[in-house]
Structure formats: C-alpha cells, structure tokens
Amino acid sequence: MSRIAVLVPGKIHERVLARLKEAFDVIEADPLSLDAATAGRIRGVAVSGTFGAAAIDALPNVELISSFGVGYDGVDAKHAASKGIIVTNTPDVLNDEVADTAIGLLLNTVREFPRAENWLREGNWKPGQNYPLSRFSLKGRHVGLYGLGRIGQEIANRLAPFKVKISYHTRSRHADAPYDYYPTLKELADAVDTMIAIVPKTPQTHKTVNAEVLSALGPDGVFVNIGRGWTVDEEALASALSSGKLGAAGLDVFYDEPHVPAALLNLPNAVLLPHLASGSVPTRNAMADLVVDNLVEWFGKGKALTPVPETPVKG
Ligand code: A2R
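Residues numbered from 1 in each chain as written. Predicted model: local features only at pLDDT ≥ 70, side-chain atom pairs only at ≥ 80, totals over all residues. Heavy atoms only, no water.

Engineer: Before we move on, can you summarise unusual backbone geometry with the specific residues and values?
Structural biologist: Peptide bonds are mostly trans, and most non-glycine residues show a negative phi. Omega for the bond connecting E257 with P258 falls within 30 degrees of zero, at 5°, which places this linkage in the cis form. With respect to the element layout, P258 can be found in the loop between β11 (248-251) and α11 (262-265). For K163, which is not glycine, the phi torsion reads 65° and is therefore positive. Tracing the backbone shows K163 in the loop between α7 (150-159) and β7 (165-169). (Helix = DSSP H or I, 4+ residues; strand = E, 2+ residues; numbered from the N terminus.)

Engineer: Give a detailed account of the site of the ligand, specifying residues and quantitative values.
Structural biologist: As a matter of local geometry, the ligand sits amid 20 residues, with L148, R150, I151, R171 and H174 nearest to it. Between an oxygen atom of the ligand and a main-chain N or O atom of L148, the distance comes to 2.9 Å. Here an oxygen atom of the ligand sits 2.6 Å away from a polar atom, N or O, in the side chain of H174. In the complex, 85% of the free accessible area of the ligand, which totals 800 Å², lies under the protein chains. A per-class count over the shell around the ligand returns seven nonpolar, ten polar and three charged. (Near = heavy atom within 4 Å. Polar contact = N/O pair within 3.5 Å; in protein donor to acceptor, adjacent residues only side chain to side chain. Areas by Shrake-Rupley, 256 points an atom, 1.4 Å probe, with all protein chains shown as cover. Nonpolar A, V, L, I, M, F, W, Y, C, P; charged D, E, K, R; others polar.)

Engineer: Talk me through empty space enclosed by the protein; I want residue IDs and the actual numbers.
Structural biologist: Tallying each qualifying case throughout the model produces one cavity of 30 Å³ or more. What lines the largest cavity is N225, G229, V232, E234, L237, L251, V253 and F254. Partitioned by chemical class, the residues of the lining of the largest cavity number five nonpolar, two polar and one charged. (1 Å grid on protein atoms, 1.4 Å probe; cavity = no way out; pocket = protein on both sides within 12 Å on 5 of 7 lines; lining within 4 Å. Points joined across faces, edges and corners; volume = space filled by probe spheres on them.)

Engineer: Residue-level account of the nonpolar core, with values.
Structural biologist: Counting residues in each nonpolar core, the largest one holds 51 residues, and the members touching the most others are V16, L20, I155, L159, I196 and I226. If you look at the next biggest cluster of nonpolar residues, it comprises 27 residues, including A216, L217, A236 and A270. (Core = buried A, V, L, I, M, F, W, Y, C linked by side-chain atoms within 4.5 Å. Buried < 20%, exposed > 50% of the residue type's maximum accessible area, 1.4 Å probe, protein only.)

Engineer: Residues and numbers for the sheet that holds strand β5 (residues 86-88), please.
Structural biologist: Read across the sheet, five strands follow the order β2-β1-β3-β4-β5 without closing on themselves; strand pairing throughout is parallel. The strands lining the two open edges of the sheet, one partner per strand, are β2 (25-28) and β5. Strand-to-strand, the axes of this sheet are offset by a mean angle of 20°, without reference to chain direction. When strand β3 (residues 42-47) meets strand β4 (residues 64-67), the two strands line up parallel, connected through four bridges. Each bridged residue has a counterpart across the sheet, and for G44 the counterpart in β4 is L64. Across the face of the sheet, helix α1 (residues 14-23) comes into contact with β1 (5-8), β2 and β3 while running at roughly 140° to β2. Against the sheet, helix α12 (residues 281-301) touches β1, β3, β4 and β5, its axis set at about 160° to β4. (Pairing = 2+ DSSP bridges. Axes fitted to C-alpha atoms, helices over the stretch in contact; angles between N-to-C directions. Contact = heavy atoms within 4.5 Å.)

Engineer: So what's going on with the sheet that holds strand β10 (residues 222-225)? Which residues, and what values?
Structural biologist: As summarised here, the arrangement of the seven strands in space is β8-β7-β6-β9-β10-β11-β12, forming an open sheet in which the pairing is parallel. With partners counted over all chains shown, the strands left at the sheet margins are β8 (180-181) and β12 (270-272), one partner each. Against the sheet, helix α5 (residues 95-111) engages β9 (194-197), β10, β11 and β12, with an angle of about 150° to β10.

Engineer: Please give an account of the pattern of salt bridges that cites residues and values.
Structural biologist: Taken as a whole and assessed by the stated rule, the structure comprises 18 salt bridges. Among the ionic pairs, D193 bridges to R141, the shortest N-O distance being 3.6 Å. Taken together, the positions of D193 in the loop between α8 (185-191) and β9 and R141 in the loop between α6 (113-121) and β6 (142-146) put the pair 52 residues apart, joining distant regions of the chain. For R141, a relative accessible area of 6% puts it in the buried group. Look at the salt bridges and you will find they share partners, linking R15, R19, D289 and D293 into a network. (Salt bridge = Lys/Arg side-chain N within 4 Å of Asp/Glu carboxyl O.)

Engineer: Run through the side chain of T109, naming residues and quoting values.
Structural biologist: Looking at the secondary structure, you find T109 in helix α5. The class of T109 is buried, set by a relative accessible area of 4%. A distance of 2.6 Å separates a polar atom in the side chain of T109 from the backbone oxygen of L105.

Engineer: Describe the pairing of β7, listing the residues and the values that go with them.
Structural biologist: Along β7, four of the five residues are buried, which leaves the element largely enclosed by surrounding structure. Bridge count for β6 against β7 is five bridges, and the pairing is parallel. By the bridge assignment, H142 is partnered in β7 with K165. Handedness of the crossover joining β6 and β7 through α7 is recorded here as right-handed. Two elements, β7 and β8, share two bridges in a ladder whose sense is parallel. Bridging across to β8, Y168 finds its partner in Y181. (Right-handed = clockwise from strand over helix to strand, strands pointing away.)

Right under this line is the structure:
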C-alpha cells in the first residue's frame, strides 16, 4: 500500500523531516507549483512559517496542517476551518523555555548585563575602573503581564520569587489568578513600571503597545516583548527610548523579522535578541516531535493532539 503523502512547503527543523520520512511519503515543494495529481495525493502538511489560503486551496484533499511553533499566525486557520481542515500548533512544550528567556531578558534589560560583558571584553576593566552601576534594579518593581496564557502564567510563576508585584491585562479576568486585573492595556501601563508582552499576533493586538502605553510606563519604565513584534509600534518605542520617556526595553521579537530598525540597533538602553525564546536544542526537538506526532496520530488514530481553537476537531 502506498504511503500517505505529506507536504513540507519550506524550511523546517531537520528532526521533523527525518521523522516524517520514516512514516510518510514526504514531498518538499511549493504547493502552488505542484501538478494536479501530486497536489491531489497530499493529505497532510508540516509547516514552519506561512501557509495561506491559496496554498490551502491548492491541496484539494488535505486534512491536517501541522504548524511548528505556538504562534500560528502564518497559517490561515480560519480559511482551513471553513473547509473542514484541521490546523495544529505546538503549545505547552515550549512554555518553560520561553518563560526562562523572558526572565533572562528582563534581568539583562534592567541590570545591563550584555553591555557590561561587552565593556569587559573590550578591555575596559582595569585597576580602579569599574562598570557603572546600573540605573535600574528589579527590586521593588511592579510587573504588568500583557497576556496570562500558558506562557504568561509560567512567567508569573517565575517572577513571584523575585518578590515583585504582579498585575495583568488579558481579554477577560482570570478568576483563579492572584494578581490585580486591569481591563485595558493603558490602565495596566498606568499602574505598573514594567511590562512584559506575551500575546499572539491577531488583528486585535496590532500595535497595541503604542506611544501612550509606553509613556505611561514612564522614564523609569521597562518594556519586554517575548510574544510578537506585531503588537508594538516600533517607531514609538524607539522614540520613547531615545527621548527618555521610557527607561529601557528588551526585545526578542520584531515587527518585520529579521529586519531590526536602525533606530533600535543604535540605542544603548535596548537589549535585542534574534527571536530565540524557544531556541534550545531540547525544546525545539520537543516542538518538532509534536509537529510529527499530530500527523502520525491523525492518520493512525484519527485524533489531532493539539488543534488550534479555530479548528477544534479532536477526531
Ligand atoms: O484569553 P485571555 O483573556 O486569557 O487573553 C489571552 C491574551 N490575549 C489578549 N489579551 C489582551 N488583548 C487581546 N486582544 C488579547 N489576545 C490574546 O494572550 C491570553 O492570556 C494570552 C495568550 O495565551 P495562550 O493562547 O495560552 O498563548 P501562549 O501559549 O501563552 O502563547 C502566546 C504567544 C503565541 O501566540 C506566540 O505568538 C508567542 O506567544 O510565542
């Protein structure tokens, strides 16, 4: 019996490819360039990045699109749902890694560790010469979480031992969360001096961290983004940082990756990382396994492990 055909439309973690090849007939190609017979054979997709409506429409018999990463904004899940196609993502297996990165980035931003290390490597540490005291401390801060989902909750768990006050803004109050809830992002920004954004890329989150929100954090304020660059007005952020309206920022994500605006690159009070929050070998392996396991379970047992809310079919 011939194997089920699974399309891999672009670059993906090598473990995904290796494991898929054990179980499926893997076709590595652009869906829009396939001949009709090949397109008709494809029943599954494994994708890291973009898979839009045209790509979905090019595969008449596709049943499941398995997307690498917890954010699946590159896949048109609504369109897939309208055609009865399931989309899966890789939630939970990266919560700890991303939350750890958030804490590291926060500390780096507040205490300037990357700058201090550069200062040392450049040979500046000499008798009688010490790196200047960091302007800010984490001690006594009031941290506002913009997002308290799977990852936001893990960030909150890690923040508690730092003895900072924690508050949050989400779409709706979490009755079981022991933190102050603010129904708007501006009200949260008014209340806190430190904000960590961990929300998905959706039409509702676009550039919600704007000049008004950043000003509300204030000259001693710190902003950290570990979710999506889409949620931030980068021009307003660079301007707030350079004018001193905002104290410092730590960013793992950017609006138009891998492009990082020069206005941010030139700022001494910004810590910039190349979207690596989940980027360790063990965590990316776990994500790769979940991408493959969703396809294996669906075609073996008719059950998708981690369908996204738009396509909540568990089989
Ligand atoms: O569902 P809620 O009310 O707990 O709010 C979710 C929040 N969120 C928003 N908050 C305020 N205004 C919005 N328009 C809005 N849209 C979503 O973001 C929830 O607290 C959080 C998302 O949680 P999860 O769906 O569990 O996502 P997870 O696994 O924490 O990942 C967050 C994002 C991914 O979508 C990637 O883009 C990125 O982190 O790696």
